Every structure is written in C-alpha cells, then in structure tokens.
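Below, each chain spelled out in residue letters.
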Amino acid sequence: AAEKARIRAEANERVLKECNALLEPTARVRLLQLLRKATLCHDDLAKEIILNHLLRNYIHHNMYQEADLLVSNTKETLSQPFRSNNQMARYFYNLGRIRLVQLAYAEANDLFQQALRKAPDKAVGFKTVVTKMSVLVQLLLGEVPPRSTFRQPQWRHALLPYLQLASAVRFGELTLFNKVLQDYGDVFQQDSTYTIVQRIHQNVIKTGLRRIVHAYAKISLADICLKLELDYPEDAEYIVAKAIRDGVIDATIDHENGVLISTEIADVYSTAEPVQAFMRRIQHLTDTHNQALIAMRYMPTDEEQETKDMLEREKRLEEEKALEKALEEEDDMDL
Amino acid sequence: HFFAFPFFFFQMATLLNEANEKFQAFKTAYSATPCDFSRCNALLAELKELFTRFPSFAPDAATNLPTRSKEVVLARQTLEYAVMLNAKELNLTAFEQNMAHLKIFYQDYGDVMPSERRWLITGLNLLRLLAQDRIVDFHMELELIPSSEQKNMYIRDVIQLERFLMEGSNHKLLQARSKVPSNDYVTFLNMMIDTVRAEIADCIPKAYEKLSVAGATKLLMFESQEQTQKWASEQGWAVRDGWLLFDRPREAEARAIPYQDIITATLGFANEMERIV
C-alpha cells in the first residue's frame, strides 16, 4: 500500500510539473499554434483544452486584457454545449475570474455557480477555489452568502479567512474589516485575491448604511458618521448620496437640518416587486429547461456495439424464419 | 564585407550620438517654463523617426548588439518624457498611444536596466484612467502591477484615490490633492475634480428633494453661488427663490402596474409553452 501511494504521489508530481510548465510565458506561443491547428481540424475537445490552458496562463500572469480579447475572439467557435463537462467547468471558472476583474459581478456570479455545478464531486480543490471566488463576488454584489457555504468539511479550513470577511461585511464594521485584511493578508496574496478583497471595503460601508436605514426612520448625518466610523462628517453626506443614487438604500437627505429621512415603503406587496421576482424565477427555469434540451445528444456511435447488435438482430430474424418454416412444415405434415 | 563591419558600427554610433543630442534638446525644451508644446512635439516626431532607424529595433535584429541597451534606454526615456509632455498639455489620445508603446518597453525588455521613472509613469497612467472615469480599465491595469510595488508611493496614493472615489468620500479625495507625489500629477488631479463634480451632480437629483443654492455650492465645491446657478441651469434643474427643487415621483411609480413589461413577459411564456409541445 505504501508502494502504491508512492507511485501515485510520483504520478501526481509529474502531472503537476507538466501543468506548471504550461504556465510559463514561453508556452503561450506554442499553445496559440496548437489552438490554430485544432480550429482548422475542427477538433472541438482539443480546442477547449488548449483554450483553458491559455486562459489559465494569462490569468496567472494577471494579463486580463489579453484573456478578454482571446475569449471574445473564440466565443463563436466553441461548440455549445462543450464536449467535456470538466473543461466546461474550467472554462466558466476562468471566464468568471476575467469578469470579476472587469467589475461585471452579476455575470461572474452566474459563471461561478455554473462552474460549481458542472464540476465532478471528487474535485475538492477546484470546488474550494471556485467557492472562494463565488463568495467574494457575492460580497461584492451586496449579498452575504449563508454560513453553510463556509462550513462544508472539505474546505472549512481554507475558507476561514473568507468567513471572517463575510462577518465584517454583514455587520458593516470597518474596524473588523481592516483587522481581517491585516491578519489574513498573506492568505489573500497567495490566493491572488488581495486586490479584490480591498474592493469589498465599500461594500462594508454600504451594508452598514443599509442596516442603519432599516433601523431608523430619521437619523442625523453626524450620527451616521459615528456609527460607520467615517473620518469626516462631510464625507457622510457624499457617501449617503452616492448610496441612494446606486439604489442601495431608499431615503432622502435634508441638507439644511443634516438628517437622513428613510422612505421605506412598508408594504412590498403593493408595489411591482413580487411580479418582477416571479418573472425572474420563471425566466431562470425556462432557461434551464431549454439548456437541458439543447444539451441532449445521441450517444456517440460505438462501432463494435453496432455490429454486435446487427449480428444479433440477423440471428434472431433467421431463427424466427426457421421457426416459421418448421411450423409450416408441421402443418404440411399434419395435413 | 570585412570593411563594411566597422562602417556599420560607425553608422550605429553616429545614429546614437545624433539621437542623444536631439534627446537633450527635447529634454531642455520640455523643462522650460513656459513650455513650447509645438516645438517639443516637433522634436519628439524627429526622435521617433530616428528610432525607426536604430538597428536593435529592426525585425530581424540580433539580441546581442553592443549598442542595444543604450538604444533601448534612450527610446524608453524619450517615451517617458513624451508621456509626461502629453500629461502637461492634456493631450489624452497621444498620451494613450505613447503609454501603450512605453508599456512594451517595460514588459518585454527585462534584460535592460529598469527605469527609475517606471512607477511614476505607471501611477500617472492609473490616475489618468481614474480621471477619465474608466474604472474597468483602471482595475485591469492595476492587476498588472506586482503586489510588491503596490506599496510604492506613487501607486499607493492612486489606489487610495480610487477607493475614495468609489466610496464617495469626496472630501478625502480633495484633501489628497494637496499631497501629490509629483508635479506631473497636477493636471490629472484637476481633471479629477471635474469627474467628481459630475458624479455628485448625478447623485443630487436622486438624493435630495430640495436643496438650497448655498448648500449646493458647498456640495459641488464651487466658489460662488452664481457658478452653482449657472451649472444648475445647464443641468436643467428647477431653481426657485434660491432653492433647487427635484421631483421624485417615487410613490406613484412604485404603485403603477408595469403593463408593458407584463404583456411582453406573458407573450414570452406563451411562446415557451408552444415550444415544449
């Protein structure tokens, strides 16, 4: 058993080394040549694999401009749906990371969720990484992911810094956020998510503001400044105005008295909100249904199996014929 | 053949000397106050023409030519000054072109001695993207900067400015203006004010029901009420007796039934149902 483990470890190391060799900048030229060849030969699976490797290379070197250009150029040539589910999962993850840097958070979230669905259950490492990214995107969108996402036994340890981050955002506490940034800065650097985590700073303020507006019908701007631990009271007014414009909170500012008056509509059902929520869900279900339909395909033809089936069919036909003949002869004999 | 070789070197040497002289002239013209932009641009064009004749930039050049590092450094320096010149004269298209050219020098010529002005120029580029409100491009550029350099004084200040802009802490933004890391940043910081003002002007109609002109003057960072009034009339805001009035038909809107949307959606659903059959 120890022998087997050793052989397995060696094989893993070899694969890892090959994969890391593809991360070198010099590998890009070769990969692009291979991609050209695969496109000319209409080799869909090869195209997907090479594309994923190229994207991985670009993202590793933070070259998001080039990665975006590559995606936009090859989008139409990819077969829908992909030939391999694993490649599809990787592709969605890479695309999600590009969109994340480009501030297209809703799209990125969608892509990460799809990547999680397509990935096989055994791919724990991949799922951990994708979950980390998806957590970050959800925080940037202003939603706090449920605690259960963080507590899965497979990635509980790896996601601990992100759990702290989510708490800071949920309670809108800037001091906690800064502390988390300091304590776990190295982990974020290793995950290459440090710059993205810094962007969450503004979400901390937004969630804090939302909690305040929910709780108070009228509150002075100076008090908001204290609660959010902002440095300048003038900034409180600017920040609140920006939040209202962005649709984070529903309120009015009274500049002369320096107060914020919340205009929460008490009864949601009297507005158009439920209708829109229904529409969104129905749209989502029909999309899933259509995608499932498109994804159905006939099993690829297996030559051996087909000939075997054909032979069996012929044998059966012959037997039936022989049986018929025998029955006829019997009838004749009877007669 | 044998005699052509030293002649080749001689040619390279004279090209380099000529380029050096022109570059010195360009540098003095740039540092002169007031700066004569047309003369600088003319010198720059001549320098760029000289660069195309440099042997190291020929498509099939060997990578170990003796004058390579000098040529690369000279070309790079010229482009850096060109970028700073474009910043001074606020020629943004030329800035972007020269910057793109310069980026190649930073990224690809790793064997040549690194430029001391690299992070200043990178910070300047980031600031320009911020002032033009191109946040997506700003972030993509930011990703290219290695994390070790993000503590660099040029980069760090610009990152902070972006954070202030995103949060909306405009007061902190204005204060940061006084602590510029370099004089070259001044033109873009002034551009930032206009960007920030446009942001605030966008927020005001949605956040306030009524605002006094005095208050608006303070918020929009104008110096006098007349400026605010002029700005308000340009924006199409209603002014009455020294008050700016904004109507927000929120309540009515919220209770209206979106007929158009519902009809479109229902037709869409009927379409889907037909398809299932």
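In what follows, the structure referred to is the one given above.
Calculation criteria
- Residues numbered from 1 in each chain as written.
- Chains lettered and ligands numbered in written order.
- Predicted model: local features only at pLDDT ≥ 70, side-chain atom pairs only at ≥ 80, totals over all residues.
- Heavy atoms only, no water.
- Salt bridge = Lys/Arg side-chain N within 4 Å of Asp/Glu carboxyl O.
- Helix = DSSP H or I, 4+ residues; strand = E, 2+ residues; numbered from the N terminus.
- Buried < 20%, exposed > 50% of the residue type's maximum accessible area, 1.4 Å probe, protein only.
- Pairing = 2+ DSSP bridges.
- Axes fitted to C-alpha atoms, helices over the stretch in contact; angles between N-to-C directions.
- Contact = heavy atoms within 4.5 Å.
- Buried area = accessible area lost by both parts, 1.4 Å probe.
- Polar contact = N/O pair within 3.5 Å; in protein donor to acceptor, adjacent residues only side chain to side chain.

**Q** Explain the pattern of salt bridges to me, and be specific about the residues and the numbers.
**A** Evaluation of the coordinates by the stated rule reveals 23 salt bridges over all chains. Among the ionic pairs, Arg99 of chain A bridges to Asp68 of chain A, the shortest N-O distance being 3.3 Å. Of this pair, Arg99 of chain A sits in helix H5 (residues 85-101) while Asp68 of chain A sits in helix H4 (residues 64-74), and the two are 31 residues apart along the sequence. Judged by relative accessible area, which is 11%, Arg99 of chain A ranks as buried. When the shortest N-O distance is used, the salt bridge between Glu18 of chain B and Lys22 of chain B registers 4.0 Å. Here Glu18 of chain B and its partner Lys22 of chain B are both found in helix H1 (residues 4-31), four residues apart, which amounts to about one turn of the helix.

**Q** Quick one: what's the story with the sheet that holds strand S1 (residues 210-212) of chain B, residue by residue and with numbers?
**A** Residue and element names in this part refer to chain B. In space, the three strands of this open sheet follow the order S1-S3-S2, with antiparallel pairing throughout. A single partner strand is all that each edge strand has here, and the edge strands are S1 and strand S2 (238-240). Pairs of neighbouring strands in the sheet enclose a mean axial angle of 30°, with direction left out of account. Pairing geometry for S1 and strand S3 (residues 243-245), over three bridges, is antiparallel. Looking across to S3, one finds that Lys210 is bridged to Leu245.

**Q** Report on the interface of chain B and chain A, specifying residues and quantitative values.
**A** The partner chain A presents 43 residues to the 47 residues of chain B that form the contact. Summed over both sides, the interface between chain B and chain A buries roughly 4,300 Å², with carbon and sulfur atoms accounting for 58% of that surface. For chain B, the biggest contributors to the area lost against chain A are Met140, Glu143 and Glu167 of chain B; these three give 16% of the whole. For Asp202 of chain B, the salt bridge goes to Arg245 of chain A, with nearest N and O atoms at 2.4 Å. On inspection of chain B and its partner chain A, the count reaches 13 residue pairs in polar contact (both at pLDDT 80 or more). Listing elements by their share of the side of chain B that touches chain A, those giving two or more residues are helix H6 (135-143), helix H7 (153-167), helix H8 (170-176), helix H9 (186-207), S1, helix H10 (213-219), helix H12 (250-255) and helix H13 (259-276) of chain B. Ranked by residues supplied to the side of chain B that touches chain A, first place goes to H13 of chain B with seven residues.

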